[in-house]
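Structural overview
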Amino acid sequence: AQSVTQLDSQVPVFEEAPVELRCNYSSSVSVYLFWYVQYPNQGLQLLLKYLSGSTLVKGINGFEAEFNKSQTSFHLRKPSVHISDTAEYFCAVSDRGGSYIPTFGRGTSLIVHP
Amino acid sequence: ETGVTQTPRHLVMGMTNKKSLKCEQHLGHNAMYWYKQSAKKPLELMFVYSLEERVENNSVPSRFSPECPNSSHLFLHLHTLQPEDSALYLCASSQDRSGAYNEQFFGPGTRLTVL
């Protein structure tokens, strides 16, 4: 079984500033890792995913995340945010040897101020 | 229509009502899911169907009854709900539920309010 911890429930930031949303996971086996974004009144949309290979993963809308196995982390970053990035962000993990259905974190609300 | 659609988008019902939520995917996927999303809680997986067969049921109360008549359609039948069942109900689909990886595609959700 696996679990996901998103340490920040809310992250306020000014437009054009950098941002990092933190995600830590626990699992007894190798994992796949995901970040999803949920805009108001919409479902979740995949931002990026780590399956294998390079630990730095680039996604849509200028986001990237780095897989750190020793720290069991998969933090999401963007060098310069826009107002339109205001949304809820969910980290998820699934076991490679399991059912592959992701376990989701509680979400981090990114609020971008002008 | 493309992707995953859900109807209705909003639903208000009394505790004695019976209603149904509908999900349709236009992606040719084989697996479909129901999730419950409550404020500031992790997404709760409710049901998983693969090739129209229920493969997981995460201890969901019997007042929620899923139905998957074919690989493109998924229903969630609701009866005698409680106010704590008020939430956003999300449907998702994926190419398959096994294999190296399956990416889930989500619908916009149905916002359910139980009075």
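Below or above, wherever it landed, is the structure these notes cover. (Residues numbered from 1 in each chain as written. Chains lettered and ligands numbered in written order. Predicted model: local features only at pLDDT ≥ 70, side-chain atom pairs only at ≥ 80, totals over all residues. Heavy atoms only, no water.)

The helix and strand tally for chain A stands at 0 helices and 12 strands. Counting helices and strands in the order they occur from the N terminus, chain A gives β-β-β-β-β-β-β-β-β-β-β-β. Relative to the compact-globule value of 13 Å for 114 residues, chain A shows a C-alpha radius of gyration of 14 Å, a close match. The principal-axis extents of the C-alpha atoms in chain A amount to approximately 45 × 30 × 20 Å. Every one of the 114 residues in chain A was classed for burial, and the buried ones make up 48%. Relative to all contacts within chain A whose residues are 6 or more apart in sequence, the contacts with residues 24 or more apart total 58%. Carbon and sulfur atoms form 50% of the exposed surface of chain A, whose accessible area is close to 5,200 Å². Computing the positive centroid from 8 side-chain charges and the negative centroid from 9, chain A places the two 9 Å apart. (Helix = DSSP H or I, 4+ residues; strand = E, 2+ residues; numbered from the N terminus. Rg over C-alpha atoms; globule rule 2.2 N^0.38 Å. Buried < 20%, exposed > 50% of the residue type's maximum accessible area, 1.4 Å probe, protein only. Contact = heavy atoms within 4.5 Å. Areas by Shrake-Rupley, 256 points an atom, 1.4 Å probe, with all protein chains shown as cover. Lys, Arg positive; Asp, Glu negative; His and termini not counted. Charge placed at Lys NZ, Arg CZ, Asp CG, Glu CD.)

This part takes up the environment of G28 of chain B. Along the chain, G28 of chain B falls in the loop between β3 (18-25) and β4 (31-37). G28 of chain B sits 11 residues away from A39 of chain B along the chain, and the two C-alpha atoms are 31 Å apart.

This part covers the layout of surface pockets. By volume, the largest pocket amounts to about 470 Å³. Among the elements that line the lining of the largest pocket, the one with the most residues is strand β10 (residues 87-95) of chain A, at 3 residues. Across the lining of the largest pocket, the residue classes break down as 8 nonpolar, 9 polar and 6 charged. Quantified by volume, the second largest pocket comes out at close to 340 Å³. Taken together, 20 residues make up the lining of the second largest pocket; nearest its centre are L43, E44, L45, M46 and N58 of chain B. Every element with two or more residues in the lining of the second largest pocket is listed here: β11 (103-104) of chain A together with β4 and β5 (44-50) of chain B. (1 Å grid on protein atoms, 1.4 Å probe; cavity = no way out; pocket = protein on both sides within 12 Å on 5 of 7 lines; lining within 4 Å. Points joined across faces, edges and corners; volume = space filled by probe spheres on them. Nonpolar A, V, L, I, M, F, W, Y, C, P; charged D, E, K, R; others polar.)

Below, the discussion takes up the packing of aromatic side chains. Under the criterion given, the structure shown has 11 aromatic pairs over all chains. Summarising the aromatic geometry, the rings of F34 of chain A and Y36 of chain A are spaced 6.3 Å apart at their centres and angled 40° between planes, so their arrangement reads as tilted. Judged by relative accessible area, Y36 of chain A falls into the buried class, the value being 0%. Ring pairs connect the aromatic residues F34, Y36 and F104 of chain A together with Y33, Y35 and F106 of chain B, which therefore count as one cluster. (Phe/Tyr/Trp six-rings, centres within 6.5 Å; stacked < 30°, edge-to-face > 60°.)

Each side of the interface is counted separately: chain A has 22 residues, and chain B has 24 residues. At the boundary of chain A with chain B, total buried surface from both sides reaches about 1,800 Å², with 55% on carbon and sulfur atoms. Where chain A touches chain B, the interface holds 1 salt bridge. Linking K49 of chain A and E103 of chain B is a salt bridge whose minimum nitrogen-to-oxygen distance equals 3.9 Å. Our enumeration of links across chain A and chain B arrives at 2 residue pairs in polar contact (both at pLDDT 80 or more). Secondary structure elements with two or more residues in the side of chain A that touches chain B: β5 (31-38), β6 (44-50) and β10 of chain A. It is β5 of chain A that provides the largest number of residues to the side of chain A that touches chain B, a total of 4 residues. (Buried area = accessible area lost by both parts, 1.4 Å probe. Salt bridge = Lys/Arg side-chain N within 4 Å of Asp/Glu carboxyl O. Polar contact = N/O pair within 3.5 Å; in protein donor to acceptor, adjacent residues only side chain to side chain.)

So, about the environment of K19 of chain B. Residue and element names in this part refer to chain B. Tracing the backbone through its elements, the reader meets K19 in strand β3. In this structure K19 comes out as partly exposed when scored by relative accessible area, which is 37%. Taking the C-alpha atoms as reference, K19 lies 23 Å from A31; in sequence the two are 12 residues apart. Residue contacts for K19: discarding those within four places in its chain leaves L11, M13, L76, H77 and L78.

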